[in-house]
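So the chains spell out like this:
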Amino acid sequence: MDFQGKHILSIEQFDRDAVEQVLAVARQMTPYVERKKRCSVLDGAVLASLFFEPSTRTRVSFSSAFNLLGGKVMETVGMGASSLTKGESLFDTAQVISGYADAIAMRHPEAFSVSQFADGATVPVLNGGDGSNEHPTQALLDTFTIFDELKRLGKSTDTIKVALVGDLKNGRTVHSLSRILSLFPNIDFTFVSPSALAMPEKIMNVCDTQGHRISVTQDLSTGLQNQDVVYMTRVQEERFDTQEEANLYRGKYRLTQSIYDQYCDSSTIIMHPLPRDSRPEANELSDDLNRNPNLAIFRQSNNGVKVRMALFALVLGVDQQLKKHESDVQWFSRK
Ligand code: NCD
């Protein structure tokens, strides 16, 4: 796929080759992320980072990725600090910000808002999450992580068995992840959720149309068995009408070391897009798993930098020029 100048809005834009292309460029970012080398290919370029919803790792890793390629970042955080609260349309904001930046990373609470924004933008827009719709860059980093972890364990990728657990209705990461995995052959999906928080039909149909096996269960112990990957998620309480309603589901599914020992294979990889909700009433992914070598959550969040660097390099058309702009690192680094 020719990425130059393109927006990254949904996994619907990708075929398997395009995903492989991003993952291959992401792998080339390893020396820069590990501070073995530095790269200044985006020297002089400016990223506008517009996050109108809470975010830690997505926002910071987009910025870190742009910085690590030598670019500069301007940030706006929260709706309150922007003219959208004065009634400005997404189109107008997009036209204006396009005049100030070479690329835009954006998160917004409403589904499809980032696409509407992109209609008004003249520079590439990368969707950092639009309501409960999609989170394409997270899906790319999740896929990178799944392949990396299976390789680490010496496991085959001919068939991949994945359980997605929790709020599958409102969680945008699981929507994008199901779409992206569907592009690969032989995925065994197990969707574990309360019936009220089930995976939307639209996404199930994508998995089904591609010929993958799908199991649906409300029972965690059934869902955990015989999986390569267990992907836990947080109840997206900000998407519920009332806190009382969200409380009905918080804490319903909890993965602890003893539950892992009881039901999971000893090689099952544990993932979570983070943040995990560590408050006692939720605690979907217990801290007592922190020493489990298959807890991949922090490797997963680190992979976000490589994948976002790859996307910037591709959409700005410099993916072939990385080596030319490489130099040595002068400072001490333990990474
Ligand atoms: C997720 C998100 O914002 O959709 N976090 C992330 O970007 N890594 C998941 C969540 O908030 O639960």
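Located above this text is the structure these notes cover.
Fair warning: this is a prediction, and the values are worked out from it, not measured in the lab. (Residues numbered from 1 in each chain as written. Predicted model: local features only at pLDDT ≥ 70, side-chain atom pairs only at ≥ 80, totals over all residues. Heavy atoms only, no water.)

*Asks:* Which residues make up the sheet that holds strand 10 (residues 269–271), and what are the values?
*Replies:* The strand order 8-7-6-9-10 describes an open sheet built from five strands, whose pairing is parallel. Looking at which strands have only one partner, the edges of the open sheet turn out to be strand 8 (213–217) and strand 10. Taken over all neighbouring pairs, the strand axes of this sheet differ in orientation by 15° on average, direction set aside. Both strand 6 (residues 160–165) and strand 9 (residues 229–232) contribute to a ladder of four bridges, which runs parallel. Across the sheet, the residue bridging to Ala-163 is Val-230, located in strand 9. (Pairing = 2+ DSSP bridges. Helix = DSSP H or I, 4+ residues; strand = E, 2+ residues; numbered from the N terminus. Axes fitted to C-alpha atoms, helices over the stretch in contact; angles between N-to-C directions.)

*Asks:* An account of unusual backbone geometry is requested, with residue identities and associated values reported.
*Replies:* Following Leu-274, the chain continues into Pro-275 via a peptide bond in cis, with omega recorded as 5°. With respect to the element layout, Pro-275 can be found in the loop between strand 10 and helix 12 (297–315). Its identity is not glycine, yet Arg-35 carries a phi of approximately 60°, on the positive side. Tracing the backbone shows Arg-35 in the loop between helix 2 (30–33) and strand 1 (37–39). Judged by relative accessible area, which is 22%, Arg-35 ranks as partly exposed. The backbone of Asn-283 sits at a positive phi, close to 50°, despite the residue not being glycine. In this fold, Asn-283 is placed in the loop between strand 10 and helix 12. (Buried < 20%, exposed > 50% of the residue type's maximum accessible area, 1.4 Å probe, protein only.)

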